[in-house]
Amino acid sequence: MVTLNKIYTRTGDAGQTRLASGAPVSKTDLRVEAYGGVDELNAVIGVARLHSGQNDRIDAMLGRIQNELFDLGADLATPLEPAPKWEALRIIASQVERLESEIDWMNESLKPLDSFILSGGSPLSAHLHLARTVCRRAERDAVRLVEAGETVNPEAVRYLNRLSDHLFVAARRANANGAADVLWRPGATR
């Protein structure tokens, strides 16, 4: 477990931080950007959960996902190479598969889409759509890290990709199973 006795250390005052391995890097390092985006996503999901009171199953999924996002942050903060001297916390395939099964369950009761959806309908849905967009940005950050030649657990990237789909379907489900979805009407204001 992590023990936090002191919140400020002053070690980051010059724009540096340390990865889980202890390696010093700039706070603008691509790896820091990647796990920082995951941290932001976690906070947005926390705000969404303020509106999930009538959706116990969605709330339970979101609570589990918040915990997994901390695991994902630890994963991204720990390069694969060089291999750490400890057993690093990594996202695994079964976590991605669980997201897929939850997407399938939530999607069963939804009508097929015949238009794109605008954020809105209900507070929970709107916040889940915001979380989805933050998730897509976190995914782009993780992919940028990979494209820069950094070693990243491929399941971490898969998890973010699937999670954005999960948040989209959860947003629809939160809108009375899609009945309150706000549909895009192309050219409607011309």
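Below: a short report on this structure. As the structure is a prediction and not an experimental result, all values here were calculated from the model. (Residues numbered from 1 in each chain as written. Predicted model: local features only at pLDDT ≥ 70, side-chain atom pairs only at ≥ 80, totals over all residues. Heavy atoms only, no water.)

### Section: the packing of helix α1 (residues 30–49) against helix α5 (residues 154–174)
What counts is decided by this rule: For helices, the axis comes from a line fit to the C-alpha atoms of the stretch in contact; other axes are also lines fit to C-alpha atoms, and the angle between any two N-to-C directions lies between 0 and 180 degrees. Where helices and strands are cited, they refer to DSSP runs of H or I of at least four residues and of E of at least two residues respectively, numbered from the N terminus. Should an angle lie under 35 degrees it is considered roughly parallel, over 145 roughly antiparallel, and from 65 to 115 roughly perpendicular; all remaining angles are considered oblique. In this scheme the crossing of two helices becomes right-handed for a clockwise turn of the near helix relative to the far one and left-handed for an anticlockwise turn of less than a right angle. What makes two residues a contact is simply this: any of their non-hydrogen atoms within 4.5 Å.
Their axes nearest at 14 Å, the elements α1 and α5 cross at an angle of 20°. Our classification of the angle between α1 and α5 gives roughly parallel. For the crossing formed where α1 meets α5, the hand is left-handed. Only L160, L163 and L167 of α5 make contact with α1, whose side of the interface consists of V38, L41 and I45.

### Looking at a nonpolar patch on the surface
This is how it is decided: Surface patches are drawn from residues lacking salt bridges whose relative accessible area is over 30%; two like charges belong together within 9 Å, two nonpolar side chains (Val, Leu, Ile, Met, Phe, Trp, Tyr) within 5 Å. The protein chains shown are the only cover counted for residues, whose accessible areas, like all others here, come from Shrake-Rupley with a 1.4 Å probe. The term salt bridge refers to a pairing of a side-chain nitrogen on Lys or Arg with a carboxyl oxygen on Asp or Glu at a separation within 4 Å. Each residue's exposure class comes from its accessible area (1.4 Å probe, protein chains only) as a fraction of the maximum for that residue type: buried when under 20%, exposed when over 50%, partly exposed otherwise.
A surface patch of nonpolar side chains, amounting to about 400 Å² of accessible area, comprises F116, L118, V182 and W184. When you line up the elements, L118 lands in strand β3 (residues 117–118). For L118, a relative accessible area of 39% translates into the label partly exposed.

### Remarks on the packing of aromatic side chains
As a reminder, the rule being used: Centres within 6.5 Å are what make two rings of Phe, Tyr or Trp a pair, Trp counting through its six-membered ring; a difference in plane orientation under 30 degrees is then read as stacked, over 60 as edge-to-face, and the rest as tilted. Placement of a positive charge over a ring is assigned whenever Lys NZ or Arg CZ falls within 6 Å of the ring centre and within 35 degrees of the normal to the ring plane.
As enumerated under the stated definition, the model contains 1 aromatic pair in all. Seen from the ring of W105, R57 lies directly overhead, with NZ or CZ sitting 3.7 Å from the centre. Over the face of the ring belonging to W105 we find R173, whose NZ or CZ atom lies 4.1 Å from the ring centre.

### Describing helix α4 (residues 123–147)
Going by this rule: A helix is expected to span 1.5 Å multiplied by its residue count minus one.
Over its 25 residues, α4 extends 36 Å from the first C-alpha to the last, a length consistent with the 36 Å expected when each residue adds 1.5 Å. Of all the residues in α4, the buried ones are L124, S125, L128, H129, A131, V134, C135, A138, E139, D141, A142 and L145. Elements in contact with the buried residues of α4: α1, α2 (56–76), β3 and α5. Of the residues trailing α4, G149 is marked for its positive phi of about 90°.

### What about the packing of α2 against helix α3 (residues 93–107)?
Rules: Just so you know the grouping, Ala, Val, Leu, Ile, Met, Phe, Trp, Tyr, Cys and Pro go in nonpolar, Asp, Glu, Lys and Arg go in charged, and all remaining residues, Gly too, go in polar.
Taken N-terminus to C-terminus, the directions of α2 and α3 make an angle of 160°; their axes are 12 Å apart at the nearest point. As summarised for this structure, α2 and α3 are arranged roughly antiparallel, according to the angle between their axes. When the axes of α2 and α3 are compared, the crossing they make is left-handed. On α3, the residues that touch R57, M61, R64, I65, E68 and D71 of α2 are Q95, R98, L99, E102, W105 and M106. A breakdown of the residues in the contact of α2 with α3 according to their chemical character gives 5 nonpolar, 1 polar and 6 charged.

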